[in-house]
Amino acid sequence: MDWPAGIGKGSMEAIIGDIGRYAIHDGPGIRTTVFFKGCPMHCPWCHNPEFIRPQPEILFYADRCIGCGECVDRCPESAIDLNAPQRIDRRRCTACGECTPTCPTRALAVAGTRYGVDDLVAVLLRDRLFYDASGGGVTLSGGEPTLQMAFMARLLRRLKAEGLHTVLETGGFFPFAPFQAECLDFIDLIYFDLKISDPGRHQRITGVDNRLIWSTLAHLARWAPDRLVPRIPLIPGYTATRENLIALSGRIREMGLARPVLLPYHPFGRSKAVHVGRQADAALPRVPMSAEELARWSACVEPNDSTQKIAKEENDAD
Ligand code: SF4
Ligand code: SF4
């Protein structure tokens, strides 16, 4: 992983992609979600493609741009060309942020700000009233928060010292031993996202081997089963196949864990990818998954063998 200077192992600072206040889908109650920058995976459906790279980067919202050209002269790297299809030459852009305040329509923004623990905790404590009133707290998401584990450990200790409820959202690609030593005691809930059962397919699609993920899940199943929530994002053509869902849920069940939570597909990532100069995956649907589709896929993760048999028969008939 190509980290910005001063970030990474043992760092006192982290690169934070964004801080989302008043979140109601990232754990119990009203929460503030901290999106860490950087992820070891590059899933084509990622909801937050702007947080995959560890470095800060410029976001360009073409639909807001009125072509006034104010940003062009402000850029010290001559990285902006109004006539270029991508508008910003990302090889030249240093994400300095000089162009963003000049834009009258907020078509430019930088994702990725350095935070020390004290500064970040101060921001998170602003919403303590909402946490206390709703049973909420702070969720660490991303990107992949465990990539900046030393910083995350310090942050978690501080949040717990303040009496706040903490949630970790993770893809599970991290070594368990340092996590257990530094972080586990300070996390109330772990949302653990599993994607593809077959190791070769997982490597091809996400960019990493899933053996470390399974190993970490097995450790968590042993040490923190009551705080562990396995989840599967349902992505048509990728994770949402009967074979994959039956394999994933079977292995989860073998570890003695609860039925996985299924996250229905939403095309968030498709539209956001272009803001960081990535091509949206043309194979991904443009519409959210329907309730009927969700119910159909849910049959595949039921612990009831007869339900799985019916699902298999339906699949064979498709
Ligand atoms: S962030 Fe800095 S380098 Fe990048 S386009 Fe804006 S002004 Fe230029
Ligand atoms: S300043 Fe904003 S609106 Fe004007 S050209 Fe640049 S990005 Fe577009």
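Residues numbered from 1 in each chain as written. Chains lettered and ligands numbered in written order. Predicted model: local features only at pLDDT ≥ 70, side-chain atom pairs only at ≥ 80, totals over all residues. Heavy atoms only, no water.

> Mind showing me how you'd approach the site of ligand 1 here?
Near ligand 1 you find Ile58, Cys75, Pro76, Glu77, Ile80, Cys93, Thr94, Ala95, Cys96, Gly97, Glu98 and Cys99, and these make up its full shell. More than half of the atoms of ligand 1 fall within 2 Å of the grid points belonging to the largest cavity. Class assignment of the residues belonging to the shell around ligand 1 gives a composition of eight nonpolar, two polar and two charged. (Near = heavy atom within 4 Å. 1 Å grid on protein atoms, 1.4 Å probe; cavity = no way out; pocket = protein on both sides within 12 Å on 5 of 7 lines; lining within 4 Å. Sits in = over half its atoms within 2 Å of the grid points. Nonpolar A, V, L, I, M, F, W, Y, C, P; charged D, E, K, R; others polar.)

> Got a minute to help me understand the pairing of strand β2 (residues 31–36) in this structure?
For a regular strand, the rule is simple: side chains alternate between the two faces of the sheet. Counting buried residues along β2, six of its six residues qualify, which places the element largely inside the surrounding structure. Residues Arg31, Thr33 and Phe35 point to one face of β2 and Thr32, Val34 and Phe36 to the other, with burial holding for every one of them. Alignment of strand β1 (residues 13–23) against β2, held across five bridges, turns out to be antiparallel. Of the residues in β2, the one forming a bridge with Ile19 is Val34. (Buried < 20%, exposed > 50% of the residue type's maximum accessible area, 1.4 Å probe, protein only. Helix = DSSP H or I, 4+ residues; strand = E, 2+ residues; numbered from the N terminus. Pairing = 2+ DSSP bridges.)

> In this structure, what is going on with the environment of Ser11? I would like to understand it.
Tracing the backbone through its elements, the reader meets Ser11 in the segment before β1. A relative accessible area of 6% places Ser11 in the buried class.

> I'm lost on the domain arrangement of the protein in this one. Help?
Much of the literature gives interface size as the accessible area that the parts lose upon coming together. Domain boundaries in the protein define domain 1 (13–55 + 112–290) and domain 2 (57–110). Computed from C-alpha coordinates alone, the two centres of domain 1 and domain 2 are separated by 30 Å. Each partner contributes to the interface: domain 1 provides nine residues, whereas domain 2 provides eight residues. Taken together, the connections running from domain 1 to domain 2 amount to two salt bridges. Glu57 is the partner of Lys37 in a salt bridge, and the nearest nitrogen-oxygen pair spans 2.7 Å. In this structure, the connection of domain 1 to domain 2 is made through four residue pairs in polar contact (both at pLDDT 80 or more). Classifying every residue of the side of domain 1 that touches domain 2 by side-chain character gives one nonpolar, five polar and three charged. (Domains from an automatic or database assignment. Contact = heavy atoms within 4.5 Å. Salt bridge = Lys/Arg side-chain N within 4 Å of Asp/Glu carboxyl O. Polar contact = N/O pair within 3.5 Å; in protein donor to acceptor, adjacent residues only side chain to side chain.)

> What's the story with the sheet that holds β1 in this structure? I'm lost.
The strand order across the open sheet built from eight strands is β5-β1-β2-β6-β7-β8-β9-β10, with neighbouring strands paired in mixed fashion. Of all the strands in the sheet, just β5 (113–116) and β10 (261–263) have a single pairing partner and so form its edges. Going across the sheet, the axis of each strand differs from the next one's by a mean of 35°, ignoring polarity. Lying over the sheet, helix α7 (residues 211–223) contacts β8 (189–193) and β9 (228–233), oriented at roughly 150° with respect to β8. (Axes fitted to C-alpha atoms, helices over the stretch in contact; angles between N-to-C directions.)

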